[in-house]
Protein chains: 4
Amino acid sequence: MSHNTFGHLFRVTTWGESHGPALGCVVDGCPPGIRLTEADIQQWLEKRRPGQGKFVTQRQEPDAVRILSGVFEDARTDGQVTTGTPISLMIENVDQRSRDYSEISTSFRPGHADYTYFAKYGVRDYRGGGRQSARETAARVAAGAIARLVLPGVAIRGAVVQIGPHAVSPDRMDWDETLNNPFWCPDADMVPVWEEHLAAVRKRGSSTGAVVAVEALGVPAGWGAPVYGKLDAELAAAMMSINAAKGVEIGAGFASAALSGEENADEMRAGNDGPQFLSNMAGGVLGGISTGQPVTARVAFKPTSSILTPRKSINEAGEEIEVSTKGRHDPCVGIRAVPVVEAMMACVLADARLRHRAQTGRD
Amino acid sequence: MSHNTFGHLFRVTTWGESHGPALGCVVDGCPPGIRLTEADIQQWLEKRRPGQGKFVTQRQEPDAVRILSGVFEDARTDGQVTTGTPISLMIENVDQRSRDYSEISTSFRPGHADYTYFAKYGVRDYRGGGRQSARETAARVAAGAIARLVLPGVAIRGAVVQIGPHAVSPDRMDWDETLNNPFWCPDADMVPVWEEHLAAVRKRGSSTGAVVAVEALGVPAGWGAPVYGKLDAELAAAMMSINAAKGVEIGAGFASAALSGEENADEMRAGNDGPQFLSNMAGGVLGGISTGQPVTARVAFKPTSSILTPRKSINEAGEEIEVSTKGRHDPCVGIRAVPVVEAMMACVLADARLRHRAQTGRD
Amino acid sequence: MSHNTFGHLFRVTTWGESHGPALGCVVDGCPPGIRLTEADIQQWLEKRRPGQGKFVTQRQEPDAVRILSGVFEDARTDGQVTTGTPISLMIENVDQRSRDYSEISTSFRPGHADYTYFAKYGVRDYRGGGRQSARETAARVAAGAIARLVLPGVAIRGAVVQIGPHAVSPDRMDWDETLNNPFWCPDADMVPVWEEHLAAVRKRGSSTGAVVAVEALGVPAGWGAPVYGKLDAELAAAMMSINAAKGVEIGAGFASAALSGEENADEMRAGNDGPQFLSNMAGGVLGGISTGQPVTARVAFKPTSSILTPRKSINEAGEEIEVSTKGRHDPCVGIRAVPVVEAMMACVLADARLRHRAQTGRD
Amino acid sequence: MSHNTFGHLFRVTTWGESHGPALGCVVDGCPPGIRLTEADIQQWLEKRRPGQGKFVTQRQEPDAVRILSGVFEDARTDGQVTTGTPISLMIENVDQRSRDYSEISTSFRPGHADYTYFAKYGVRDYRGGGRQSARETAARVAAGAIARLVLPGVAIRGAVVQIGPHAVSPDRMDWDETLNNPFWCPDADMVPVWEEHLAAVRKRGSSTGAVVAVEALGVPAGWGAPVYGKLDAELAAAMMSINAAKGVEIGAGFASAALSGEENADEMRAGNDGPQFLSNMAGGVLGGISTGQPVTARVAFKPTSSILTPRKSINEAGEEIEVSTKGRHDPCVGIRAVPVVEAMMACVLADARLRHRAQTGRD
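Caption draft 1: Molecular detail of the packing of aromatic side chains. Inspection of the entire model under this criterion finds 30 aromatic pairs over all chains. Each member of the aromatic cluster is reached from another via a ring pair, and the members are Phe108(A), Tyr115(A), Phe118(A) and Phe277(B). Its end group placed over the ring of Tyr121(A), Lys120(A) keeps NZ or CZ at 5.8 Å from the ring centre.

Pasting the structure below:
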């Protein structure tokens, strides 16, 4: 995992700033012969796209992806297929309003990476956050769309399970429900609670945090590897690399600290196809290797840092200022993170599958 | 990060099984000219060593480390110093009791990686858990001891902040107190509570989970990098790769989901030396780059999987069995994880420092 | 070094096929604050560009590069500068003649990678060679242009020193002369010999090989590293990865096999600034680390595989055929390889500089 | 490829100095279930071992290898087999004569890496060359022994084809002959010529260079990958990383510069099992991917730098001195390089096989 590259064999290198001409990624190591068109990718970008509800930013970006390399179609291939060479994807930034950035060009917005980029590089593209902008996650979602095609038989699904102090109870989880509301909320009764909370947050120019749950069904036993290549360690890095993520847990996660050994260790019975686990506190991973159960993770997202409320800060000259961020901003970035979390799960699993196949010769 | 290698420039490759002749690591990329003797490493291994209290395993292992390469001393060097070539460390396994492993050789212990190793590799060294044993963490601690020497001015400290359901309140944190009890507990009043809890757990042949907190003081602003090389993403991978870890959070972590934007974004005032932050919800990292504040993380550990209570399981033949794990086992692996968590923090930071220096020419 | 990525810290990932919509690269790890405009890159692409002489292909490609990310200009920066984030470069393929490829779509051209791509991937973009086309080297040259900016004080220059059987004598090397003829030939007297040879080769529909020499002046002592990170090992990989390269040598290279120890080991005398070497058989590298002398290498290129002469081959169906390649082709690919060889030298050195700085803190 | 690590999936990390307590390597990524004992490795170390003839150094080193991890034997495994976890190998240095190194401790021996190590690191283990010593190649040979086991069906063989000015003619190559003489010479008539040459070289306290040829039979078509992962680029790096190597060529190599397109491009006819190539100028690699023909390479080695003849040099203080190297030294290091070249070929191919399997699912 290099600075802007994720993965070992299924490798994703992303590039682009919020207000540059375009952003994109290069996906290297994809197996050949997989059917892939722009529509396969676009559908997931639509899921991530802003402007879809009143609680996500109204910025209108078509986010139209172009495949620039790595696919080919002729009479003998089954439609357009991957060729095994790097797949270059590009999304042009068409909604770069020519606004005036002079106000924030020298200010450090609290909670943003303005100060740290400046401290590290001495120069930063302050327009819309530059490279630190969540625009970068569009490239992740695009790469994740390809990763899904490398994972036949695996289904990945995400949900928001907490917004602000309002958490969905585990026994209320209904995955089908996530498609019925703009919050990817798995509990219909929670939807009005969140609506009210978000309306209040928005009204006072504030923001709120969230927790996203994700699971992958159909992962066979054996993916992942000891010791630093653990499947859960890779997932932790993948999730924590998402903008605004502050925590990652696998299976029972932090709750496992309060469990007894009897509660925690998943018992097994003989199944038709390997062990039948009687619970899944492990989140589908033991010793860094998949068990064959669903791989489950949860990711905590901090509240959007861009808020209307004036906040104390300093500028590049070291002078004390107050910062109030106007403009189009989600009050809860966690909502739009769902397809990103799913995409990172897909990338990690695609990589794990190829690494497992390399060492063992099995899928 | 490869299967058994951690880090990019400060690279640690570990090897060894619990009951093989030895275990160790190779540390590559260490800067030259750093004073290093076996005693510098041994002191940290002592901190990790079992047999130090009644609530950690009584297995007696001297864990004496040998430096096999990468250091040199002559008349012109200031004592024994690193040469810039790979440092090979070895710890012999002297306490390999010749016990009978036939009972567990074909059984899958619930919560352990017995089944997943078997599913992946088709063969496994079942003696003491083989490669999945926490014995491997001795190599991490040894590598971490070297990493600390690459971090002049940085102090790293860890503490257990929760055992079972008993969590230390944030306003009771007294780091000095961690040295006064066998639990690395930062709250003197909590010590008897944990003692009682652990005694009860041990009595009923069970085990319990824990949460470890760690922080690094003295990290300058600028370490880490976008996007997949984020300092917190590297930390997440490092921590989640530790045996029994199930969750990682940075700064406010999962609690940030319930915060408002005003509560979460750390305000800044002018300091003598860069910004003065008024809080540290960020845990010292913004946009994946250090802020100059303490870098703080918390890691959740599940209960020890080896328990006396009989548990349902299956064996390699797919037959249903009951497993009860006798022998020397910590009721709470999280306690002994403290020096390991510290070591991983050190390794991540040493790597981040070298990478930062590479790109920017500054330390 | 991954499949389509070169370098460790100064990392270049290239993508694109000969007849796709575009090709390009992502340069990650570049230090911040370096002045960089498209013109800085374009000048080197012009040097590589075909259509510049009668002995290179007449295909007309403007090869106009666009910088899509990683640079920024505002009032406070000294012109447009790098920001430390990934630099994405794109060159559109504007000269994709809509010709008929059906003839070669199922044939394996001898000397080309048609068969091996098919054997590996089962599918291939046969238009103009697809990913195996030397078009990819435009991305290398673009990346190399950035690498040069990371190497202040280092001058890199290349020359063709052999075409077919006609080699330039070492005592006839005049680097200034390389700019006076279309062959980058360092010996004015050799120019008419090569002209005649190439005219004859072209007339009979054949092709010819070449040797390119390259040297880097101003590299300080200390770059590179043992054992597998040797500067010469990295150079060998870099050069051998260029299309049609079949051999690489450093310093005296293969000739050193016939030397005595006295002839080979470069003697040293005291200089004002480190040792003064009395010869440079080592090619500026000892033990994989630069000596402070010029770093010198030579690269052998095989003859262009696309020739008019009919050659025996087979097709995808396994049928025996004859292949004759019509169209625009250089009779000697080695000539156009000069700027590519220079670019790879630059990329290797930029990476070595950053790695050296990481480990030692010195440039 | 990191400083002391070679390979991507079949990864070898070596460590150790010439006169430290031991040297060794960690082989990570090896497939599980492969039978492996110390004897499997020892046989190849014997081939490399010094003290086997009058033209190689008389230093007596048993070079006994120990396997410290990564293998397991029990009733259900077919003898001792690899487990998929890292294999740690160690060879103790038993022949560290307690000689006086004060003479060379501050001198830079011409042709050696004494000066460059000092320039880079500011400190160096000068005893026997420290890390730059060819002792390190014992670890390569040990790793190569394991790599061979990952390559069923592939046979690798090396030969010395030139010593000093005396080259074996290609039409005199008899691979069986290499086992009949101490030079791995494939031409019986050349043996007395080399004997005489080496005797003369030794008598005058000098040394001589050599060229080693290596080929791998049985490599299927499809291994390797574009663009920077080319099989020949990996081979070039592997070979150039060997001590004293100064040149690498694949197939026709530098000779291809003088060929015509007709001579160079290997023609194909229909075979029973893919194409039948009518020649092998390509050396079994086209576009970086194996063709199914033998993979052939040649490596040039410079003369031993340690010679009795006094040579001009300087010391650490910058004073001009004369250096004459006494002691046990091969007059021609190229001879002992044969098993090392074979080992590097094996490591590159094992890695290529696993990478190919990862991306395509085929072996």
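Caption draft 2: Region of the structure containing the pairing of strand 11 (residues 245-250) of chain B. Counting buried residues along strand 11 of chain B, six of its six residues qualify, which places the element largely inside the surrounding structure. Where strand 11 (residues 245-250) of chain A meets strand 11 of chain B, three bridges bridge the pair, whose relative direction is antiparallel. Opposite Glu249(A), over in strand 11 of chain B, you have Gly247(B) as the bridge partner. Pairing between strand 11 of chain B and strand 16 (residues 295-301) of chain B: five bridges, direction antiparallel. In the sheet register, Gly247(B) faces strand 16 of chain B, and the bridge partner there is Ala300(B).

Caption draft 3: Highlighting the interface of chain D and chain B. With 44 residues of chain D at the interface, the matching set in chain B holds 44 residues. Taken together, the two surfaces of chain D and chain B that pack against each other cover about 3,300 Å², and 61% of this comes from carbon and sulfur. At the level of elements, strand 2 (11-16), strand 3 (22-28), strand 4 (65-67), strand 6 (81-82), strand 7 (87-92) and helix 2 (114-121) of chain D are the ones that each hand at least two residues to the side of chain D that touches chain B. In terms of residues, the side of chain D that touches chain B owes the most to one element, strand 2 of chain D, which gives five residues. Grouping the constituent residues of the side of chain D that touches chain B by class yields 15 nonpolar, 18 polar and eleven charged.

Caption draft 4: Representation of the relation of the copies chain D and chain B within the structure. Rotating chain D by 180° and translating it 0.0 Å along the rotation axis places it on chain B, where the RMSD comes to 0.0 Å. What the superposition gives is, in effect, a two-fold axis relating one chain to the other. Of all interface residues in chain D, 100% are interface residues in chain B too; the two copies therefore contact each other through one and the same surface.

Caption draft 5: Examining the relation of the copies chain B and chain A more closely. It takes a turn of 180° to lay chain B on chain A, together with a shift of 0.0 Å along the axis; the resulting RMSD is 0.0 Å. Take the interface residues of chain B: 99% of them recur as interface residues in chain A, which is what a same-surface contact looks like.

Caption draft 6: Looking closely at the packing of helix 3 (residues 137-149) of chain C against helix 8 (residues 338-360) of chain C. Residue and element names in this part refer to chain C. Across the interface, helix 3 lies against helix 8 with an axial gap of 8 Å and an inter-helix angle of 45°. Between helix 3 and helix 8, the crossing angle belongs to the class labelled oblique. As helix 3 runs across helix 8, the sense of the crossing is left-handed. In this structure, helix 3 contributes Thr137, Arg140, Val141, Ala143, Gly144, Ala147 and Arg148 to the contact, and helix 8 contributes Pro339, Val340, Glu342, Ala343, Met344, Ala346, Cys347 and Ala350. Its residues assigned to classes, the contact of helix 3 with helix 8 comprises ten nonpolar, two polar and three charged.

Cut-offs used in this document
Here the residue index of a chain counts from 1 through its sequence in written order. To read the labels, note that chains go from A and ligands from 1, taken in the order they are written. Given that the model is predicted, a residue must reach a pLDDT of at least 70 before its local features are reported, and side-chain atom pairs must reach 80 or more before they are shown or counted; all residues, however, enter totals for whole chains, interfaces and linings. In computing side-chain values, all of the structure's heavy atoms are included and hydrogens and water are not. What counts as a ring pair is set by centres within 6.5 Å for rings of Phe, Tyr and Trp (its six-membered ring), and what kind of pair is set by the plane angle: stacked under 30 degrees, edge-to-face over 60, tilted for all other angles. Working rule: Lys NZ or Arg CZ, within 6 Å of ring centre, within 35 degrees of ring normal, means a charge sits over the ring. Summary of the burial criterion: residues with accessible area below 20% of their type's maximum are buried, those above 50% are exposed, and those between are partly exposed, where the area comes from a 1.4 Å probe applied to protein chains only. Numbering goes from the N terminus for both helices and strands, where a helix is a DSSP run of H or I of at least four residues and a strand is a run of E of at least two. When DSSP finds at least two bridges between two strands, those strands are taken to pair. Whether two residues are in contact is decided by their heavy atoms: any pair within 4.5 Å suffices. A quick way to say it: buried area is the sum, across both parts, of accessible area lost when two parts are put together, with a 1.4 Å probe. Residue polarity is assigned by list, with Asp, Glu, Lys and Arg as charged and Ala, Val, Leu, Ile, Met, Phe, Trp, Tyr, Cys and Pro as nonpolar; anything else, Gly included, falls into the polar class. In superposing the copies, a least-squares fit is computed on C-alpha atoms, taking residues whose pLDDT is at least 70 in both. Lines fitted to C-alpha atoms define the axes, with helix axes restricted to the stretch in contact, and inter-axis angles between N-to-C directions lie between 0 and 180 degrees. Working rule for angles: under 35 degrees goes down as roughly parallel, over 145 as roughly antiparallel, 65 to 115 as roughly perpendicular, anything else as oblique. For any pair of crossing helices, the crossing counts as left-handed if the nearer helix is rotated counterclockwise from the farther one by less than a right angle, and right-handed if it is rotated clockwise.

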